[in-house]
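Spelled out, the chains give:
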Amino acid sequence: MGRYTDNPAAIRALVREAEVHKDTYIDPEIFDLEMEHLFANTWVYVGHASQIPNKGDYYSTTVGLEPVVMVRHTDGSIRVLYNRCPHKGVKVAGETCGNTGKFFRCPYHAWTFKTDGSLLSIPFKQGYEKTEFSCCEASGGMAAVQAVQVYRDFVFCRLNPEGISFDDFFGKSLSTIDNMVDRSPEGKLQITGGVLRYINRCNWKMLVDNQTDTTHPMVVHESSAGTAASAWSKAPPGTLKPMAVEVFTPFVSSYEFFAEMGIRVWPHGHGHTGVSKSIHSDYSAIPGYLEQMEAAYGKERAHAILHENRHNTIYFPNLTMKGPVQTMRVFKPLAVDRTLVESWTFRLVGAPDMLLERTLMYNRLINAPTSVVAHDDTEVYERAQEALHSRGRDWMNLYRLYDKDEPRDDPQHETNGTNELQMRNQMRAWADFMTASMQGKTEGGAA
Ligand code: FES
Ligand SMILES: [Fe+2]
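Residues numbered from 1 in each chain as written. Chains lettered and ligands numbered in written order. Predicted model: local features only at pLDDT ≥ 70, side-chain atom pairs only at ≥ 80, totals over all residues. Heavy atoms only, no water.

(A) Spotlight on the packing of helix H3 (residues 28-41) against helix H15 (residues 421-436). At a closest axis distance of 8 Å, the pairing of H3 and H15 adopts a crossing angle of 90 degrees. Judged by the angle between their axes, H3 and H15 are roughly perpendicular. Listed contacts from H15 to Ile30, Leu33, Glu34, His37, Leu38 and Asn41 of H3 are Trp430, Phe433 and Met434. Taken together, the residues of the contact of H3 with H15 sort by class into 6 nonpolar, 2 polar and 1 charged. (Axes fitted to C-alpha atoms, helices over the stretch in contact; angles between N-to-C directions. Helix = DSSP H or I, 4+ residues; strand = E, 2+ residues; numbered from the N terminus. Parallel < 35°, antiparallel > 145°, perpendicular 65-115°, else oblique. Contact = heavy atoms within 4.5 Å. Nonpolar A, V, L, I, M, F, W, Y, C, P; charged D, E, K, R; others polar.)

(B) The sheet that holds strand S7 (residues 103-105), seen in detail. Overall, antiparallel pairing links the 3 strands, which are arranged S7-S8-S9 in an open sheet. At either end of the open sheet lies a strand with only one pairing partner, and these are S7 and strand S9 (119-121). Shown here is a sheet whose adjacent strand axes are inclined to one another by a mean of 35 degrees, direction ignored. (Pairing = 2+ DSSP bridges.)

(C) A look at the side chain of Ser60. Within the secondary structure, Ser60 sits in strand S3 (residues 57-63). Among the residues examined, Ser60 registers a relative accessible area of 14% and is labelled buried. A polar side-chain atom of Ser60 sits 2.7 Å from the main-chain carbonyl oxygen of Glu95. Those residues in contact with Ser60 that sit more than four places away from it in its chain are Val68, Val69, Asn83, Ala93, Glu95 and Thr96. (Buried < 20%, exposed > 50% of the residue type's maximum accessible area, 1.4 Å probe, protein only. Polar contact = N/O pair within 3.5 Å; in protein donor to acceptor, adjacent residues only side chain to side chain.)

(D) Structural context of the pairing of strand S5 (residues 78-82). In this sheet, S5 lies alongside strand S4 (residues 66-72) in antiparallel orientation, the contact comprising 5 bridges. In the sheet register, Val69 faces S5, and the bridge partner there is Leu81. With antiparallel pairing between neighbouring strands as the criterion, S4 and S5 make up a hairpin whose turn holds 5 residues, including Gly76 at a positive phi of roughly 90 degrees.

(E) Seen up close, the sheet that holds strand S6 (residues 97-99). Spatially, S5-S4-S3-S6 is the arrangement adopted by the 4 strands of the open sheet, whose pairing is antiparallel. Both edges of this open sheet fall to S5 and S6, since each of them pairs with a single strand only. Along the sheet, successive strands turn relative to each other by an average axial angle of 25 degrees, direction set aside.

(F) Spatial organisation of the packing of aromatic side chains. Enumeration over the complete set of coordinates arrives at 20 aromatic pairs. Ring geometry for Tyr128 and Phe133: centres 4.8 Å apart, planes at 50 degrees, overall tilted. Judged by its relative accessible area of 12%, Phe133 falls in the buried class. One aromatic cluster is present, built from ring pairs that chain together Trp43, Tyr45, Tyr151, Phe154, Phe156, Phe166, Phe169, Phe170, Tyr315, Phe346 and Phe433. A cation over a ring is seen here: Arg16 above Trp395, with NZ or CZ 3.6 Å from the ring centre. Positioned above the aromatic ring of Tyr25 is the side chain of Lys205, whose terminal nitrogen or guanidinium carbon lies 4.9 Å from the ring centre. (Phe/Tyr/Trp six-rings, centres within 6.5 Å; stacked < 30°, edge-to-face > 60°. Lys NZ or Arg CZ within 6 Å of the ring centre and 35° of its normal.)

(G) Focus on empty space enclosed by the protein. For the structure shown, the criterion picks out 5 cavities of 30 Å³ or more. When its volume is computed, the largest cavity comes out at roughly 250 Å³. Among the elements of the structure, strand S12 (189-200), helix H6 (204-211), helix H13 (353-367) and helix H14 (374-387) are those that each provide at least two residues to the lining of the largest cavity. Element by element, the count of residues in the lining of the largest cavity is highest for H14, at 4 residues. Class assignment for the residues of the lining of the largest cavity results in 11 nonpolar, 11 polar and 4 charged. Put simply, the second largest cavity is a space of about 80 Å³. Sorting the residues of the lining of the second largest cavity by element identifies strand S2 (44-48), S3, strand S17 (327-335) and strand S18 (338-348) as the ones contributing at least two each. Examining the composition of the lining of the second largest cavity, we find that 4 residues originate from one element, S3, more than from any other. Among the residues forming the lining of the second largest cavity, the class breakdown is 9 nonpolar, 4 polar and 2 charged. A domain-level breakdown of the lining of the second largest cavity finds at least three residues from each of domain 1 (45-151) and domain 2 (172-433). (1 Å grid on protein atoms, 1.4 Å probe; cavity = no way out; pocket = protein on both sides within 12 Å on 5 of 7 lines; lining within 4 Å. Points joined across faces, edges and corners; volume = space filled by probe spheres on them. Domains from an automatic or database assignment.)

(H) Representation of the environment of Arg16 in the model. In this structure, Arg16 sits in the loop between helix H1 (8-12) and strand S1 (19-21). Residues Arg16 and Arg428 lie 412 residues apart in sequence; the distance between their C-alpha atoms is 8.6 Å.

Laid out in structure tokens, this is it:
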């Protein structure tokens, strides 16, 4: 047991008003405690209902480091099970996704389980007849995660059976999901185009921090997006702007642009950049789309939906979303210095195909490991992960536009988009959730 285990005061001391201690990013004990407390006490994204449209469809993933499987049960509901056989502990669903039919079958001794996790059968069962097997843990089958919530097809779970409610945890931040879903004339999203998966050699929080760090793009992406912008500036007048240029060039917008874009935070660590406008605001119209939206929602509502151009939304702890381009990234912690990045894309059901084309292009150009933009960020994450071990300094600095009286719980408060407010917001939530169950107060959640 190290110095942070069962020591909420020591953990709280890692997060000052506008500074964060380096141990939060480099200490393996802190990482283990994050898995035990933070990822168990918060509502963590599991998957999307469109990945499992038919009964028996499943998708296996992780919540923190816990292997889980999300499955469409025989009654049509979505269940999340711990992906662990109650017999000898084998991972039952071995593939990432598939259809298991009416039951899961463990590959080791062929115990079978219904898709709600309950035990269906054991081969050569008479071996258990004169035992007290029916009273033991394994007779309950695969354990189900109790706290599961499906919100507009996005599936979340909280591993601890007791704790903050889904509505309290997310509150008004759900408006970003709402907006992305409402962009479909049919109010429906479908995961499409596969997923980009790669590992960054850094702590998962570095990726989260970077999503609302608006003073890095014009620096770190100067060589990539800046080159695209300068090439485009030499195009003869009247040249049709290629979609790729439209996606690339806003990354080298000025500090003033990002400042005016605005930032807003919600309680429990959520927040977003791009309140009044964003780097997605000036995309050209897709032929036929506005007409479809007006027909579906009426003129006023359709315009309101499309006018909302949020940049990055953080759903604390590890989900981030870009509604106007229908992309979503999940930062899955693997170790204190290893993070699996998944970048997903959505089709707006009923919308023109060209929108999906833009979504896929965006993912390829900005989020892919082969992208000329994403590896700019990767390099700085890895350099930070290495240099944070230095004895030279102990703290990471979040003082940009810090105000000691800044609102903590006021979602109406919008401020300068270069403010490091959201990074402070998520670290305050981090300290709350890390210590909540250490102090034996999971009920009602963190303060
Ligand atoms: S470990 Fe699963 S059936 Fe034995
Ligand atoms: Fe970046």
